[in-house]
Amino acid sequence: MKTTRRQALGMVSATVGMGMGLGFGRIGFAQDKSKRVLTGHILGNSLAIHIPAIAALNEGLPALGYAPPKLTRIDSMQVMTQSIIGKSADLGEADISSTLQASLAGADLKVIGLVYANSSLVFVANSDKVKDFADLKKEGVIVAVNSKGDWMHAMLTGPLVKRGVDPEKVTIVEIGGSASRVQALLANRVQAVPVHIDQTPDILAKGNYKILLKPWEEYKLFIAECWLVSGTWLQNPENRRLAVDIQKATLTSFRKTNKDLGYFGNCYRKYSTIKGAAQMTDEQLKPVWELLSKTARAWPDDGNFKREQFKDLLPAYKSVGAFPKEPDLDRLIDTSITEQALKELG
Amino acid sequence: MTRAQRLFWNAAGIVLFLLAWEIVGRWLGSRIIAPPSGVAKEYLELLRAGTMLSELASSLRQMLVGFGFACAIGMPLGILMGRVKWIERIMTPWIGMMVVTSVAAMVPLFLLILGTGFAFRATIVFVASVWYIVITSYNGARGVDPGLVSVAKSFGATPLQTMVKVVLPAVYPYLIAGARIGLVHAIRAMVMAEMFVILGYGGLIHQTGMMADTEPLIGLLVTLMAVSVAATWLLRTVGNKVAPSYEQRVAGA
Amino acid sequence: MSTFPSRLVTPERLTQAASILGGLVIWELIASQYSAFILPPPSAVLKRLFDPAYDVKLVVALYGALQHMLVGFGLAVAVAVPLGIAMGRMPRLNAMLDPIVNALYAIPAVAFVPFLIIWFGLFFESRVALVFIMAFPDMLVVIVAGARDIKRNLFAVGRSFGASPLQVAWKIVLPAMLPFLMTAFRVGIARAINGMITAELFLAAVNLGAMMKTSARTFDSTSLLAIVVVVCLLGLAAQSLIAALEGRFLHWHHRR
């Protein structure tokens, strides 16, 4: 009987201990910058377009005196936004579309800058089943996106409407990150998916596939991913300082990338999640770098973070999200962080 | 049937199953269902790559916290319900409702409230397992021989003494059984929640499921099966080891 | 299940009703401290459930959801009952199948979703299949145990009274099996409803699953909770229905 009593006590104390660990784990911030560990949620896959921003977190922040950040990969964009609302991390690599909806619903969120401007996402289709946009509504054709109502869903809807295809008739499923989408297309579980431009050579080489839609031919600029924090988090001066430093690191990384293919190549080999990235040469990466840096201007030296740009894209976001009322961009978008970072960088 | 005979038929069933699977697998191809021979080969690869085991370890850690809370709260609550009339009456309708409510339906809500971190996954596991632990402990406590309790009382035992010396030993096997049932539900909930948010081991299953060939997917499921079987076995064995006298006393009663 | 008006209001039921009411009041008080977005109060959930526009959507979704739930559950019953009785009555068959059933049962059903997508696609067939694999093993376990417990001498007694095998099955085996079958159905229907909503969330989102995903997207936790309540009520209703059937059937069987 003694065993049980001791055992029971042990169980209770262990549980309480775990509970305290849970509770106190979050109050971990120190005054000392070098001890501050940023917890960030980044998307499941990092492709060419993400690389400068991801490198900024991993290398730029430590260069500014911070501890290396703790980054967790979250595959689904919908879940990403929810995880920041649930305060699972300081910073999220979030999707504008679901962020707008959350903010409208009353979530206390702030967008502090862009992960990248424009988009490197193209829609690739299985040419055996899909010849043009009208084929997308055929029976047995399934289009996969990351999450329903996210920006890539929005990005597809505009061109569909423009070509007279009713988006409601297209079967859309959500399967998460681009690596899963590539797999699903190759396994013929779905017939059209949005993937990043640097994922396409591999897909096109594997069979009868074609690029159905290039967003830069459809949109002037498509803003897709942003750095997201919660409003209360940003009110803390220490956190605000960290946010400015994140932007400084990101802008510095953008500038280095635009100037130097070598820097981009190094970062790509280190941080890209694509298979065989570590073996890629600068020469192989040059076309993608040129496209994104020069043609698409995906990494603007000044961050290119302005409220007006979001306004131009509102119709697209609205086409996939049931917006209960007009989105309040002033409430969600905080440009002061990027402005401060620009001022400090000069 | 003797033990040897049963083992023989067990083995025969497993061999026939694997054989049928191998034939079907070879016939339909690994895109539809990979044969066991192919899975075995791939399994070594999965073990070597390490992602499977590291994801599993971190997922199980989070699950165990939720499950630990479920035991720590569910067991005393169940016993109290079985022994104290008004607690029983207050709790019964809630437990009836919670048990029929699908945990999957609660996932989107908890996701909104708790985010994706540790708190989210531990809570889902807790909610999925605690009611089964409560019900089993409750059934055990309710069935305690009233004769034994009145004997203890007539010898002047305090309510606390009665609880520790009479009720707990009698309920013990039920607590272990409740933990076992709860654990099955905890593992289910863990995988379900993780598949929904595409994180951890469940997320790995989701991502692997998108691949063209099914060997790695079956490999992941086999590991999950092994974990589940091993965990219930462990709980049963440890439960019996810790208090064999309880088991005997109840068996003798 | 012959409930008389006098037994409708018992002290037990009163405390239970008070418990639920009290719980709701406490919840309402706590919820009033938070935004509806984080913790919706029960009053808001009730309001949503009594909103006619919402109810129309809900009924349509429920109608769609019940289809794959009932087909899946029906298939599970059709396979689990004969197989369970056979396994319970034939020790060798049981010894052969038991390890396999246990091993497959140890894998969470939802982990089979990728396979269901490969085999049955993303729509109705796949949803039925998920309901089936969630309800089937739980029922099988109960039925095997029930069938094994029927005393062998029951059959002998019947035959010694000159009953035909059919009469033995109808008059002796069925009544002996009934409690276990009903338990199996009760367990099975709860799992089937669980499978119903799981399928709609994990395969292509439709019906209630689609409503939940839309609500999650617009961060409408009140609607999310309303659907959880509906699923819970559906579960309770299904349980009572089976309990009522059991009472009716036993009653009728005895009278014959």
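Note that this is a predicted model, so its numbers are computed, not measured. (Residues numbered from 1 in each chain as written. Chains lettered and ligands numbered in written order. Predicted model: local features only at pLDDT ≥ 70, side-chain atom pairs only at ≥ 80, totals over all residues.)

The next thing to look at is the overall build of chain A. Counting its secondary structure elements, chain A contains 15 helices and ten strands. Rg of the C-alpha trace for chain A: 22 Å, near the compact-globule value of 20 Å for 346 residues, within the 12% margin. If you line up chain A on its principal axes, its C-alpha atoms span 70 × 60 × 50 Å. Here chain A holds 346 residues, and 50% of them are scored as buried. Across chain A, contacts joining residues at least 24 apart in sequence account for 79% of those joining residues at least 6 apart. (Helix = DSSP H or I, 4+ residues; strand = E, 2+ residues; numbered from the N terminus. Rg over C-alpha atoms; globule rule 2.2 N^0.38 Å. Buried ≥ 20, exposed ≤ 12 C-beta atoms within 10 Å, placed from the backbone. Contact = placed C-beta atoms within 7 Å.)

Broken down by element type, chain C carries eleven helices and zero strands. Helices (α) and strands (β) of chain C occur, in sequence order from the N terminus, as α-α-α-α-α-α-α-α-α-α-α. Dimensions of chain C, computed from C-alpha atoms along their principal axes, come out at roughly 70 × 55 × 30 Å. Once local pairs closer than 6 in sequence are excluded, the contacts in chain C between residues at least 24 apart make up 75%.

Residues and elements named next belong to chain A. Burial along strand E7 (residues 171-174) is one-sided: the face carrying Ile-172 and Glu-174 is buried and the face carrying Thr-171 and Val-173 is not. Both strand E6 (residues 142-145) and E7 contribute to a ladder of four bridges, which runs parallel. Among the inter-strand pairings, Ile-142 is bridged to a residue of E7, identified as Thr-171. With helix H5 (residues 151-162) bridging E6 and the parallel E7, this β-α-β connection has right-handed handedness. (Pairing = 2+ DSSP bridges. Right-handed = clockwise from strand over helix to strand, strands pointing away.)

What follows is about the interface of chain C and chain A. Listed as interface residues are eleven residues of chain C and, on the opposing side, 15 residues of chain A. Here the element with the most residues in the side of chain C that touches chain A is helix H10 (residues 207-217) of chain C; it accounts for three residues.

Looking now at helix H6 (residues 113-120) of chain C. When we look at burial in H6(C), the residues that qualify are C:Val113, C:Pro114, C:Leu116 and C:Ile117. Down the axis of H6(C), the buried side of the element spans an arc of 165°, and every buried residue falls inside it. Residues of H6(C) that are buried in the fold lie against helix H8 (159-197), helix H9 (200-209) and helix H10 (215-242) of chain B together with helix H7 (124-149) and helix H9 (165-202) of chain C. (Arc of directions from axis to C-beta.)

Taken together, the contacts link 45 residues of chain C with 41 residues of chain B. Of all the secondary-structure elements, those providing two or more residues to the side of chain C that touches chain B are helix H2 (11-31), helix H5 (91-106), H6, H9, H10 and helix H11 (221-255) of chain C. Ranked by residues supplied to the side of chain C that touches chain B, first place goes to H11(C) with ten residues. Here the residues of the side of chain C that touches chain B are counted per class, giving 34 nonpolar, nine polar and two charged. (Nonpolar A, V, L, I, M, F, W, Y, C, P; charged D, E, K, R; others polar.)

All names here are of chain A. Strand order in the open sheet formed by five strands is E2-E1-E3-E10-E4, with mixed pairing between adjacent strands. Both outer strands of the open sheet, strand E2 (70-74) and strand E4 (109-114), are each paired with one neighbouring strand and no more. Here the strands of the sheet are splayed against their neighbours by 35° on average, with no regard to which way each runs. Bridge count for strand E1 (residues 39-43) against E2 is five bridges, and the pairing is parallel. Its bridge partner being in E2, His-41 is matched across the sheet by Thr-72. Relative to strand E3 (residues 91-95), helix H4 (residues 96-104) is tilted by about 105°, and along the sheet it contacts E3, E4 and strand E10 (225-230). This element, helix H10 (residues 237-259), spans E3, E4 and E10 of the sheet and lies at about 25° to E4. (Axes fitted to C-alpha atoms, helices over the stretch in contact; angles between N-to-C directions.)

On to the pairing of strand E5 (residues 121-126) of chain A. All names here are of chain A. In terms of residue burial, E5 counts as a mostly covered element, since six of its six residues are buried. Neither face of E5 is open: one carries Leu-121, Phe-123 and Ala-125, the other Val-122, Val-124 and Asn-126, and all of them are buried. Pairing geometry for E5 and strand E8 (residues 192-196), over five bridges, is antiparallel. Bridge pairing in E8 links Ala-125 to Ala-192. In terms of strand pairing, E5 meets strand E9 (residues 209-213) through four bridges, oriented antiparallel. If you follow Val-124 over to E9, its bridge partner there is Ile-211.

All names here are of chain B. Closest axis-to-axis distance for the helix H3 (residues 51-83)/H8 pair is 9 Å, and the angle between their directions is 140°. Regarding the angle of H3 to H8, the classification is oblique. Between H3 and H8 lies a crossing of right-handed hand. Of H8, the residues touching H3 (which contributes Ser-59, Met-63, Gly-66, Phe-67, Ala-70, Cys-71, Gly-74, Met-75, Gly-78, Ile-79 and Arg-83) are Val-167, Val-171, Leu-175, Gly-178, Ala-179, Gly-182, Leu-183, Ala-186, Ile-187, Met-190 and Glu-194. Its residues assigned to classes, the contact of H3 with H8 shows 14 nonpolar, six polar and two charged. (Parallel < 35°, antiparallel > 145°, perpendicular 65-115°, else oblique. Left-handed = near helix turned anticlockwise from the far one by under 90°.)

Bringing the environment of B:Lys165 into the picture now. Note on placement: B:Lys165 falls in helix H8. Using a count of 13 C-beta atoms within 10 Å as the deciding quantity, one classes B:Lys165 as partly exposed.

Trans is the prevailing form of peptide bonds, just as negative phi is the prevailing case for residues other than glycine. Within the chain, A:Asn188 stands out as a residue other than glycine whose phi angle is a positive 60°. Tracing the sequence through the fold places A:Asn188 in the loop between helix H6 (178-186) and E8. For B:Ile198, which is not glycine, the phi dihedral falls at a positive 55°. Mapped onto the fold, B:Ile198 is located in the loop between H8 and H9. A residue is classified by how many C-beta atoms lie within 10 Å of it, and B:Ile198, with 26 of them, is buried.

Our focus in this paragraph is the packing of helix H7 (residues 146-154) of chain B against H8(B). All names here are of chain B. Interaxial distance between H7 and H8 falls to 10 Å at its minimum, and their mutual angle equals 145°. Taken as a pair, H7 and H8 cross one another with a handedness that is right-handed. Listed contacts from H8 to Leu-148, Val-149, Ala-152 and Lys-153 of H7 are Thr-162, Lys-165 and Val-166. When grouped by side-chain class, the residues that make up the contact of H7 with H8 number four nonpolar, one polar and two charged.

The predicted coordinates of low-pLDDT regions are not to be read in fine detail. For chain A, per-residue confidence averages 86 on the pLDDT scale, and 90% of positions sit at 70 or higher. Low pLDDT (under 50) marks residues 1-30 of chain A, which in the prediction has 23 contacts with non-local residues, meaning those over four places away or in another chain. (pLDDT = per-residue confidence, 0-100.)

Residues and elements named next belong to chain A. For H4, the buried fraction is high: eight of the nine residues fall into the buried class. Turning to H4, its buried residues are Ile-96, Ser-97, Ser-98, Thr-99, Leu-100, Gln-101, Ala-102 and Ser-103. Residue Gly-106 follows H4 closely and has a positive phi angle near 110°.

Before going further, it helps to examine the confidence of the model for chain C. All names here are of chain C. Model confidence for chain C is summarised by a mean pLDDT of 87, while 91% of its residues fall at 70 or above. Per-residue pLDDT, averaged within each element of chain C, yields its smallest value for helix H1 (residues 5-8) (56) and its largest for helix H4 (residues 52-89) (94). This stretch, residues 1-5, has a pLDDT under 50; its non-local contacts, to residues over four places away or in other chains, come to five contacts. Here the predicted complex scores 0.87 on pTM and 0.89 on ipTM.

Residue and element names in this part refer to chain C. Note that Gln-67 resides in helix H4. By the C-beta count within 10 Å, which is 15 here, Gln-67 ends up partly exposed. Along the primary structure Gln-67 and Phe-124 are separated by 57 residues, whereas in three dimensions their C-alpha atoms are 9.0 Å apart.

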